[in-house]
Amino acid sequence: MNTPILCSYIGGRSIDNPALPLVDNIEPATGKVLCRVQQAGDDEVALAVAAAKQGFAIWSAMTGAERGRILNRAAQLLRERNAELALLEVRDNGKPIQEAEVVDVMSGADCVEYFAGLAASIHGQQFPLKGAFAYTRREPLGVCLGIGAWNYPIQIACWKSAPALACGNAMIYKPASLTPMTAIELAKIYTEAGVPDGVFNVILGSSKPARQLIAHPDVAKVSVTGSVETGKAIMADAAKTLKRVTMELGGKSPLIIFDDADLDQAVSAAMLANFYTQGEICTNGTRVFVHESIHDAFLEKLVARTRKLKIGDPLHPDTQVGAQISGDHAATVLRYVEQGIAEGASLLAGGQRVEVPGCEGGHFIAPTIFAGCHDDMSIVREEIFGPVMSVLKFKDEAEVLARANDTRLGLAAGVFTRDLARGHRMAEKLQAGVCWINNYNITPIEMPFGGLKESGIGHENSLVTLDHYTQLKSVYVELSGVACPYE
Ligand SMILES: NC(=O)c1ccc[n+]([C@@H]2O[C@H](COP(=O)([O-])OP(=O)(O)OC[C@H]3O[C@@H](n4cnc5c(N)ncnc54)[C@H](O)[C@@H]3O)[C@@H](O)[C@H]2O)c1
Ligand SMILES: C[N+](C)(C)CC=O
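The structure displayed is predicted, hence computed values, not measured ones. (Residues numbered from 1 in each chain as written. Chains lettered and ligands numbered in written order. Predicted model: local features only at pLDDT ≥ 70, side-chain atom pairs only at ≥ 80, totals over all residues. Heavy atoms only, no water.)

Surveying the vicinity of ligand 1 reveals 26 residues, the closest of which are Gly148, Lys174, Thr230, Leu249 and Glu383. Glycine 226 is positioned with one of its backbone polar atoms (N or O) 3.3 Å from an oxygen atom of ligand 1. Coverage of ligand 1 by the protein chains reaches 86% of its 850 Å² of free accessible surface. Of all elements in the fold, only helix 7 (207-215) and helix 8 (228-239) reach the threshold of two or more residues within the shell around ligand 1. Partitioning the shell around ligand 1 into residue classes produces 14 nonpolar, eight polar and four charged. (Near = heavy atom within 4 Å. Polar contact = N/O pair within 3.5 Å; in protein donor to acceptor, adjacent residues only side chain to side chain. Areas by Shrake-Rupley, 256 points an atom, 1.4 Å probe, with all protein chains shown as cover. Helix = DSSP H or I, 4+ residues; strand = E, 2+ residues; numbered from the N terminus. Nonpolar A, V, L, I, M, F, W, Y, C, P; charged D, E, K, R; others polar.)

Turning next to the environment of glycine 386. Its place among the elements puts glycine 386 in the loop between helix 12 (378-381) and strand 19 (388-394). For the pair glycine 386 and glycine 481, spaced 95 residues apart in the sequence, the C-alpha separation amounts to 67 Å. Glycine 386 has contacts with Asn274, Gln278, Gly279, Gln324 and Val333, leaving out every residue within four places of it along the chain. (Contact = heavy atoms within 4.5 Å.)

The next thing to look at is the sheet that holds strand 13 (residues 254-257). Spatially, 15-18-19-14-13-21-22 is the arrangement adopted by the seven strands of the open sheet, whose pairing is mixed. Pairing within the sheet leaves two strands with one partner each, and these edge strands are strand 15 (346-349) and strand 22 (434-437). When the angles between neighbouring strand axes are averaged without regard to direction, this sheet yields 20°. Sheet contacts for helix 14 (residues 420-429): strand 13, strand 21 (412-416) and strand 22; angle to strand 22, the most-contacted strand, approximately 170°. (Pairing = 2+ DSSP bridges. Axes fitted to C-alpha atoms, helices over the stretch in contact; angles between N-to-C directions.)

As a further point, take the confidence of the model for the protein chain. Here the protein chain shows a mean pLDDT of 98. Residues at 70 or above account for 100%. Interface confidence for the predicted complex, expressed as ipTM, amounts to 0.97; the pTM equals 0.98. (pLDDT = per-residue confidence, 0-100.)

Moving on to the nonpolar core. Counting 91 residues, the largest nonpolar core has Leu78, Leu165, Tyr190, Ile257, Phe298 and Leu302 as the members making the most contacts within it. Top contributing element to this core by residue count: helix 4 (residues 97-118), with 10 residues. (Core = buried A, V, L, I, M, F, W, Y, C linked by side-chain atoms within 4.5 Å. Buried < 20%, exposed > 50% of the residue type's maximum accessible area, 1.4 Å probe, protein only.)

With that settled, the discussion passes to the site of ligand 2. If you check the shell around ligand 2, you find Asn151, Tyr152, Gln155, Trp159, Ile281, Cys282, Thr283 and Phe449 and nothing else. A distance of 2.7 Å is found between an oxygen atom of ligand 2 and a side-chain nitrogen or oxygen belonging to asparagine 151. At a separation of 2.8 Å, an oxygen atom of ligand 2 approaches a polar backbone atom of cysteine 282. A class-by-class count of the residues in the shell around ligand 2 yields five nonpolar, three polar and no charged.

A word on helix 9 (residues 263-275). With 13 residues, helix 9 extends 18 Å between its outermost C-alpha atoms, agreeing within 8% with the 18 Å of an ideal straight helix rising 1.5 Å per residue. All buried positions along helix 9 are accounted for by Leu263, Ala266, Val267, Ala269, Ala270, Met271, Ala273, Asn274 and Phe275. For helix 9, the secondary structure elements touched by its buried residues are strand 13, strand 14 (287-291), helix 10 (295-307), strand 18 (368-371), strand 19 and strand 21. The positive-phi residue at the C-terminal boundary of helix 9 is threonine 277, with phi of around 45°. (Expected span 1.5 Å × (residues − 1).)

Now for the UniProt feature "active site" (unreviewed entry) in the protein chain. According to UniProt, the "active site" (unreviewed entry) feature falls on Glu248. Here glutamate 248 is to be found in strand 12 (residues 244-248). Taking the relative accessible area as the measure of exposure, glutamate 248 reaches 4% and is therefore buried. With near-sequence residues (within four places) excluded, glutamate 248 lies in contact with Lys160, Val224, Thr225, Gly226, Phe449, Gly450, Gly451, Ser455, Gly458, His459 and Glu460. (UniProt positions renumbered as here; feature names shortened; annotations may be inferred.)

This brings us to the packing of aromatic side chains. One pass over the structure, following the stated rule, counts eight aromatic pairs. Ring centres of tryptophan 159 and phenylalanine 449 lie 5.5 Å apart, and the angle between their planes is 65°; on these two criteria the pair is classed as edge-to-face. Of this pair, tryptophan 159 sits in helix 5 (residues 153-166) while phenylalanine 449 sits in the loop between strand 22 and strand 23 (452-453), placing them 290 residues apart in sequence. Accessibility classification places tryptophan 159 together with phenylalanine 449 in one group, the buried group. In this structure an aromatic cluster arises from ring pairing among Tyr173, Tyr190 and Phe200. Above the face of the tyrosine 152 ring, lysine 95 is positioned so that its terminal group lies 3.4 Å from the ring centre. The lysine or arginine in question, lysine 221, covers the ring of tyrosine 469, its NZ or CZ lying 4.8 Å from the ring centre. (Phe/Tyr/Trp six-rings, centres within 6.5 Å; stacked < 30°, edge-to-face > 60°. Lys NZ or Arg CZ within 6 Å of the ring centre and 35° of its normal.)

Another point: the packing of helix 2 (residues 64-80) against helix 5. Between helix 2 and helix 5, whose axes approach to 11 Å, the crossing angle comes to 165°. If you check the angle between helix 2 and helix 5, you find them roughly antiparallel. The element helix 2 and its partner helix 5 pack so that their crossing is left-handed. Counting all contacts with helix 2, which are made through Arg67, Leu71 and Leu78, the residues of helix 5 involved are Ile154, Cys158, Ala162, Leu165 and Ala166. (Parallel < 35°, antiparallel > 145°, perpendicular 65-115°, else oblique. Left-handed = near helix turned anticlockwise from the far one by under 90°.)

Encoded structure:
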């Protein structure tokens, strides 16, 4: 059978350019080629900008209510196609189907639906003045660029495109080169729902077309989800044309378990915060601080439950831990495991490759727990983005707070305690963009999501995102003539 070719989607259709170089898109679980991806070149970049400008002219002239109606249809199509899209996401990304079927597509649909509902309510304000009044117009920015990471491909594409489109912008989206497939499906769904051609375009390739678009004078804004290093490079490039930026970047987040916590719940949260999507989640609570009085009991339960996790073919409904995104990434994760051992941490679970029958070409790593960790170990300081948890002991609140905040990153944090006053006190002092009390990694669409410090700039989800995709214009209206001191 011929391997399918994936092409960029511009102006409401796939743009097949046989002259473009092709790159194999590998299925993480098997190592087999899923499709071959045409790498967008100068022509596709120029075409995408031209199409987006045309789409923007039509889309921004529509009312918010009209846009909302169309976006609602797109949300409905996402929900109706959950099963097929989840399957595609699993084949492209390697995460377990039991996760993709409940989280990935549905959280994308939640977002499209949420911003569809807001589209008709985006407006300015009126300011009564003496003999005059003023009002503001909340206007779209124009052509926005979205750049995605590979761990939640369709969710990230929706989290960027839905608010952008609801506000009347057009978007050119560049998915991660390792997971290009569901962004193309999202583009087709937008077209089917009635989004005008050119309003949502997908450019495929490495960082090259993204960099060309960042430099392009007709692109107004860049929203990226990726690593801190990528965020810094993009910000430097965007500064040359003073583009607005939203940055959703990496983390090394603390999860703090106090001595009064419900131990079983805390263990569940620690597992979810480290092993969901085989550990490839930006917000993961990879520094698990446990009060010394419950440390041993916590570890005993944690290790016993972690050893029971089912590692396997991501397409099997029982699988709980899927394949790492690539061989290179798995090698990086395993290097961190070696470093952890070399630096003196105690390996209590996992830490090794797992062979999965039928998925011999995949890269599976057993969920890994290190205890006896210290704050200066590389496994405790650096983002690993794999299933590797570091457990650290603490004595009191002030000490754990200082240690939790001792990082240049500030994406997320979690606190487990039955003392709600302490929970809120910690949330106030933790330097993290999202703090969970007695849960972890919950990202409802109503709640702003974004990092502090080097973990990001700006937010996704919630009302606040409307500010990131609109600009405010002030209009002053004189009602009583020009007061002029000149003759
Ligand atoms: N905060 C969040 O919401 C969030 C969510 C998911 C992932 N992440 C982070 O993403 C990272 C893992 O994802 P990744 O490996 O895909 O990240 P990455 O930084 O390597 O790539 C992200 C995207 O940026 C593009 N890119 C890379 N360099 C670029 C440049 N100089 N100019 C323009 N585009 C460029 C890539 O092609 C890709 O599409 C982790 O650090 C993780 O924490 C953050
Ligand atoms: C947004 N979230 C947490 C689901 C994906 C981050 O990697």
